[in-house]
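# Structural description and commentary
Next come the chains, spelled out residue by residue.
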Amino acid sequence: MSGDEKTLYVRTLLGHEKVKDAKGGNGRAFDRPAAEYARRIDDAYARGERRDPAAVFEEMGTTR
């Protein structure tokens with residue numbers, strides 16, 4: 001996947017989190033740029049991560 005496609009994917013994940021927040025939230029805040037989350041997901045895979053990118057992303061949010 002290209003860098004632009006990864007960033008777009010993360011933007012969709014961020015949009016999903018914003019919808020969850022509008023419905024009452026899930027206790028996590030995602031306040032970093034999409035490109036940074038995409039880089040952090042790539043880093044996790046470089047370290048051997050095998051879970052779905054959405055699962056990795058979910059853990060990147062800060063608790064409120």
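These notes cover the structure that comes with them.

### Quick word on the overall build of the protein
Counting its secondary structure elements, the protein contains three helices and two strands. Going from the N terminus to the C terminus, the protein shows its helices and strands as α-β-α-α-β. Radius of gyration (C-alpha) of the protein: 12 Å, near the 11 Å computed for a compact globule of 64 residues. In terms of overall dimensions, the protein has C-alpha extents of about 35 × 20 × 15 Å along its principal axes. Relative to its 64 residues, the protein shows a buried fraction of 25%. Look at the contacts in the protein between residues 6 or more apart in sequence, and 60% of them connect residues 24 or more apart. For the protein, the accessible area works out to roughly 4400 Å², and carbon and sulfur atoms hold 50% of it. Taking the average location of the 13 positive side-chain charges in the protein and that of its 12 negative ones, the two points are 3 Å from each other.

### Digging into the nonpolar core
Generally speaking, a soluble globular protein has its nonpolar side chains buried in company with each other. Counting 12 residues, the largest nonpolar core is built from Val10, Leu13, Leu14, Phe30, Ala34, Tyr37, Ala38, Ile41, Ala44, Val56, Phe57 and Met60. Not counting the four nearest positions on each side in its chain, isoleucine 41 is found in contact with Val10, Pro53, Val56, Phe57 and Met60.

### Thoughts on the pattern of salt bridges
In this structure the tally under the stated criterion is seven salt bridges. Between glutamate 58 and lysine 20 there is a salt bridge, with the nearest N and O atoms lying 3.7 Å from each other. Here glutamate 58 is found in helix 3 (residues 53-58), whereas its partner lysine 20 is found in helix 1 (residues 3-22), with 38 residues between them in sequence. Here the salt bridges share partners, and the residues they tie into one network are Glu17, Lys20 and Glu58.

Parameters and conventions
Residues numbered from 1 in each chain as written. Predicted model: local features only at pLDDT ≥ 70, side-chain atom pairs only at ≥ 80, totals over all residues. Heavy atoms only, no water. Helix = DSSP H or I, 4+ residues; strand = E, 2+ residues; numbered from the N terminus. Rg over C-alpha atoms; globule rule 2.2 N^0.38 Å. Buried < 20%, exposed > 50% of the residue type's maximum accessible area, 1.4 Å probe, protein only. Contact = heavy atoms within 4.5 Å. Areas by Shrake-Rupley, 256 points an atom, 1.4 Å probe, with all protein chains shown as cover. Lys, Arg positive; Asp, Glu negative; His and termini not counted. Charge placed at Lys NZ, Arg CZ, Asp CG, Glu CD. Core = buried A, V, L, I, M, F, W, Y, C linked by side-chain atoms within 4.5 Å. Salt bridge = Lys/Arg side-chain N within 4 Å of Asp/Glu carboxyl O.

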